[in-house]
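# Notes for the structure review
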Amino acid sequence: GVGAGPETTARLDIQGQGLSLANGGVGLTGIGSGTRTLSVTIGGPVQAALLYWAGRDNPCPLSGGTCVIPFQPYKDQVLRFDGNLVTGTIIGTEAQPTSAFNNIGYLADVTSIVQAKGTGAVSFSVQDGDLTSNLRTLDGAGLIVIYTDPADPVVYRIIVQHGLDFAFGTDP
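Residues numbered from 1 in each chain as written. Predicted model: local features only at pLDDT ≥ 70, side-chain atom pairs only at ≥ 80, totals over all residues. Heavy atoms only, no water.

What follows deals with the environment of Asp 82. Mapped onto the elements of the fold, Asp 82 is located in the loop between β8 (78–81) and β9 (84–87). With relative accessibility at 25%, the residue Asp 82 sits in the partly exposed group. Separated by 60 residues in sequence, Asp 82 and Ala 22 have C-alpha atoms that sit 17 Å apart. The contact partners of Asp 82, leaving out residues within four places of it in the chain, are Ile 113, Lys 117, Ser 123, Phe 124 and Ser 125. Among the polar contacts listed, one links the side chain of Asp 82 to the side chain of Lys 117, at a separation of 3.4 Å. (Helix = DSSP H or I, 4+ residues; strand = E, 2+ residues; numbered from the N terminus. Buried < 20%, exposed > 50% of the residue type's maximum accessible area, 1.4 Å probe, protein only. Contact = heavy atoms within 4.5 Å. Polar contact = N/O pair within 3.5 Å; in protein donor to acceptor, adjacent residues only side chain to side chain.)

Think of a pair of aromatic rings as described by two things: how far the centres are apart, and how the planes are tilted against each other in angle. Scanning the entire structure with this criterion turns up three aromatic pairs. Ring geometry for Phe 81 versus Phe 124: centroids 5.0 Å apart, planes at 20°, classification stacked. Taken together, the residues span a long stretch of sequence, with Phe 81 in strand β8 and Phe 124 in strand β12 (residues 120–128) at a distance of 43 residues. Like Phe 81, the residue Phe 124 is buried in the burial classification. The aromatic ring of Phe 101 is capped on one face by Arg 56, whose charged end is 4.6 Å from the ring centroid. (Phe/Tyr/Trp six-rings, centres within 6.5 Å; stacked < 30°, edge-to-face > 60°. Lys NZ or Arg CZ within 6 Å of the ring centre and 35° of its normal.)

This brings us to unusual backbone geometry. Residue Pro 59 follows Asn 58 across a cis peptide bond; omega there is -5°. Residue Pro 73 is bonded to the preceding Gln 72 through a cis peptide linkage, with omega at 0°. If you check the backbone angles, Asp 76 has positive phi at about 55° while not being a glycine. With respect to the helices and strands, the residue Asp 76 is situated in the loop between β7 (66–67) and β8.

Structure follows, in structure tokens:
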């Protein structure tokens, strides 16, 4: 596909003593009105938490033969994360114009929601935030949590690039 959007400019850059990462993911295909659970193990105070999700629009709205996003919030741009409605920022699109697919990636800062859960093994519910506005396929969600391990004296720098690179496409 052809990549477009701010995927090379948006990022998180954080540095500090004992920084570490926790991540988890969950498939969302066919979620409908159901609930999925995303779990992570957090080993210290949360510094940042980022929720990513992506899906496929088909057929995508076209303008001049190019897939477009004509309004926001767009399809599946709103999720319910642990009971809280979150609206993602579009962090990348990848159009497959021959097959009229548009792959779309979203990001939401969920730091306060994750901090409220505390540390250790924690789980979060994930639900469709608007059952009337859906992509053809909502593929999955991933959570990255950056936390401080108080027992680690080393200073680390963590850089997270935001974007979308869909691993499969049917266009020639």
